[in-house]
Amino acid sequence: MRLYTFDEHRVGVGADDAHLVDVTSLLDSRVHPLDRMTELIARWDDLQPDVAQAAQEGRRQALEGLSLRAPQPRPRKVIAAPVNYRKHQQEMGGSDGVYTGATIKDITTYAGFVKASSSIVGPDGAIEVPFDDRRLDHEAELGVVIGRTASRVAREDALDHVFGYVPLLDITLRGAEDRSYRKSFDTFTPIGPAIVTADEVGDPGALDFHLTVNDEPRQQANTRDLIYDVPRLVEFYSEAMTLEPGDLIATGTPEGVGPIEPGDEVVLTIPAVGRLTMPVRARRPVHA
Ligand code: MN
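Because the structure is predicted, anything quoted here is derived from the model rather than measured.

Draft legend 1. Spatial organisation of the coordination of the manganese ion. On the protein side, the manganese ion has Glu139 (OE), Glu141 (OE) and Asp170 (OD) as donor atoms, found 2.0 to 2.1 Å from it. Ordering the donors of the manganese ion by residue number gives the pattern E-x1-E-x28-D.

Draft legend 2. Representation of the environment of Ala80 in the model. The topology assignment puts Ala80 in strand β5 (residues 78-80). As for Ala80 and Lys115, which are separated by 35 residues in sequence, their C-alpha atoms are 7.0 Å apart. Beyond its immediate stretch of four places on either side in the chain, Ala80 contacts Gly112, Phe113, Lys115, Tyr237 and Ala250.

Draft legend 3. Inspection of helix α8 (residues 230-240) at higher detail. Extensive coverage of α8 is indicated by the burial of 9 of its 11 residues. Turning to α8, its buried residues are Val230, Pro231, Arg232, Leu233, Val234, Glu235, Phe236, Tyr237 and Ser238. Against the buried residues of α8 lie β5, α4 (107-110), β10 (140-146), α5 (155-158), β11 (162-169) and β17 (248-250). One side-chain oxygen of the residue at the start of α8 lies 3.0 Å from the amide nitrogen of Arg232, identifying that residue as Asp229.

Draft legend 4. The sheet that holds strand β14 (residues 195-197), seen in detail. Read across the sheet, 10 strands follow the order β4-β3-β2-β1-β14-β11-β10-β17-β5-β6 without closing on themselves; strand pairing throughout is mixed. Here the strands that pair on one side only, and so sit at the sheet edges, are β4 (60-62) and β6 (113-115). Taking the axes of each pair of neighbouring strands and ignoring which way they run, one obtains an average angle of 35° across the sheet. Of the strands in this sheet, β1 (2-6), β2 (10-16), β3 (19-22), β4, β11 and β14 touch helix α2 (residues 44-57), which is tilted by about 55° from β2.

Draft legend 5. Looking closely at the pattern of salt bridges. Applying the stated rule across the entire model yields 23 salt bridges. A salt bridge links Arg281 to Glu128, with the shortest nitrogen-to-oxygen separation between them at 2.9 Å. Residue Arg281 is located in strand β20 (residues 274-282), and its partner Glu128 is located in strand β8 (residues 127-129); the two are separated by 153 residues in the primary sequence. Overall, Glu128 belongs to the buried group, its relative accessible area being 17%. With its nearest N and O atoms 2.8 Å apart, the salt bridge here joins Arg174 to Asp137. Taken together, the positions of Arg174 in the loop between β12 (172-173) and α6 (179-182) and Asp137 in strand β9 (residues 136-138) put the pair 37 residues apart, joining distant regions of the chain. As far as the burial class goes, Arg174 and Asp137 line up, both buried. Salt bridges sharing common partners tie together Lys115, Arg135, Asp137, Glu139, Asp170, Arg174 and Lys183.

Draft legend 6. Spatial organisation of the pairing of β1. Among the 5 residues of β1, 4 are classified as buried, and the element is accordingly described as predominantly covered. One ladder, built from 2 bridges, connects β1 with β14; its direction is antiparallel. The partner of Arg2 across the bridge, within β14, is Val196. Here β1 runs beside β2; their pairing, made up of 4 bridges, is antiparallel. If you follow Thr5 over to β2, its bridge partner there is Val11. Hairpin connection between β1 and β2: a loop of 3 residues separates the two successive antiparallel strands, and Asp7 in this loop has a positive phi of roughly 45°.

Thresholds applied
- Residues numbered from 1 in each chain as written.
- Predicted model: local features only at pLDDT ≥ 70, side-chain atom pairs only at ≥ 80, totals over all residues.
- Heavy atoms only, no water.
- Donors = N, O, S within 2.8 Å, 3.2 Å for Na, K, Ca; no water.
- Helix = DSSP H or I, 4+ residues; strand = E, 2+ residues; numbered from the N terminus.
- Contact = heavy atoms within 4.5 Å.
- Buried < 20%, exposed > 50% of the residue type's maximum accessible area, 1.4 Å probe, protein only.
- Polar contact = N/O pair within 3.5 Å; in protein donor to acceptor, adjacent residues only side chain to side chain.
- Pairing = 2+ DSSP bridges.
- Axes fitted to C-alpha atoms, helices over the stretch in contact; angles between N-to-C directions.
- Salt bridge = Lys/Arg side-chain N within 4 Å of Asp/Glu carboxyl O.

Printed below as a string of structure tokens:
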């Protein structure tokens, strides 16, 4: 199934490629609108039959004409994998690297970082550039959505704790600051348009994906080249912290990262999961 958040943070299930059915009324009306997707995921065992039935029989609304929000607008946390593809490690350091001359290690050294949940934005928004004199990069990533609470889960059991997947951009300010600062500006975590449930995606270790900027190919990869694959990421992060329903894991970016600037259009396509299109614009000055 494909799950959406739309308009005033209503939740919907895909009926076909062009329509959804509103399933907000399946949830307790006291749930905060921003927490509806978390609630839907946490109660999935109970709600799945009704959601599936709604997808078949409910009143369809055309996606065109709806405001598609980030499908999961407020996870409790977004944990992200640093340097989790070998060729990305190579492009970041060395004599002609993004960080010229630097020695770049990989996830086995850096482990992980947290992105602020408030950095999430959906297809209805834009990537906002906060500075005009700093390099800002796109990073194409597979996003993992946690389904069942995971604490110290073995990799053999890890996928039982995964709800689904979402196209995710880890937008990154280059510089000397800590990753969690450089990657947590508002709008630096675009996701969407939908969360696709794991049963429809199949093996997360064999997903092609590619990213273009203004139709120019920039990144093309397959998740088989992850250093820590999805089961290992769930095992690894759940050793450190409890992963809760609706939490996101940004699995890391492959080679081909590059700068973006206002006026660009970034398109991330993961054929098994979806296509996320995001415009880039300058952030409005504080005192306009
Ligand atoms: Mn990243």
